[in-house]
Amino acid sequence: MNKQEIINIIKAKLAEKIQYFENLISETRASSNDTKSSMGDKYETGREMLQQEINNLQRQLNEVLNQQAVLQKITSDPSEKVQNGALVKTNKGLFYVSASIGEIIFENQKIMTVSAESPLVKAMFGKKMGEAFTINNINQNIENIW
């Protein structure tokens, strides 16, 4: 498994998300400026709602930026145990411990990207190939780690 290519896919997806949120924030700010010259108090509520939307989008953008920062620290070096940057194959699927962006397809295989803070990773953190762990009353065996 080429972990560097997987990292590049995740970086590209995060960059897309960042661009998306930056564009949305920009568009929302522009529509907020349009209401400023309008007439009176009934538009104050609308402007406040737009400001809340901008704050919400900014919070989501900050989350993605934090995921990007986590990803910057991950290397494609092989791992012998479950840790940040480990690609883990269990009897239930492939998991890449990095930024949590959901499922990606790499070499016709589904890989679930998961954060080190996720319950799944916490259950298997530090384990090595051949070891087992349990999450939600489901036993899983670690078949391989890259």
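For the structure itself, consult the block above.
Not measured: the values here are computed from a predicted model.

This part takes up the packing of aromatic side chains. Counted according to the given criterion, the structure contains 1 aromatic pair. Judged by centre distance (5.4 Å) and plane angle (65°), the ring pair of Tyr-20 and Phe-21 falls under edge-to-face. Relative accessible area serves as the criterion here: at 10%, Phe-21 is assigned to the buried category.

Time to look at the nonpolar core. In terms of nonpolar packing, the biggest core is built from 21 residues, with Ile-6, Ile-10, Leu-14, Tyr-96 and Ile-111 touching the most fellow members. Contributions of two or more residues to this core are made by helix H1 (3-36), helix H2 (42-72), strand E2 (93-97) and strand E3 (102-106). With 7 residues, the top contributor of residues to this core is H1. Counting residues in hydrophobic clusters, the runner-up holds 14 residues, among them Ala-86, Ala-116, Phe-133 and Ile-145.

Because side chains alternate across strand E5 (residues 132-135), one face comprises the buried residues Phe-133 and Ile-135, and the other comprises Ala-132 and Thr-134, none of which is buried. As paired elements, E5 and strand E6 (residues 138-145) share 4 bridges and run antiparallel to each other. Counterpart to Phe-133 in the pairing with E6 is Gln-140. Counting the residues in the hairpin turn of E5 and E6 gives 2 residues, including Asn-136, whose phi is positive at 50°.

What counts and what doesn't
- Residues numbered from 1 in each chain as written.
- Predicted model: local features only at pLDDT ≥ 70, side-chain atom pairs only at ≥ 80, totals over all residues.
- Heavy atoms only, no water.
- Phe/Tyr/Trp six-rings, centres within 6.5 Å; stacked < 30°, edge-to-face > 60°.
- Buried < 20%, exposed > 50% of the residue type's maximum accessible area, 1.4 Å probe, protein only.
- Core = buried A, V, L, I, M, F, W, Y, C linked by side-chain atoms within 4.5 Å.
- Helix = DSSP H or I, 4+ residues; strand = E, 2+ residues; numbered from the N terminus.
- Pairing = 2+ DSSP bridges.

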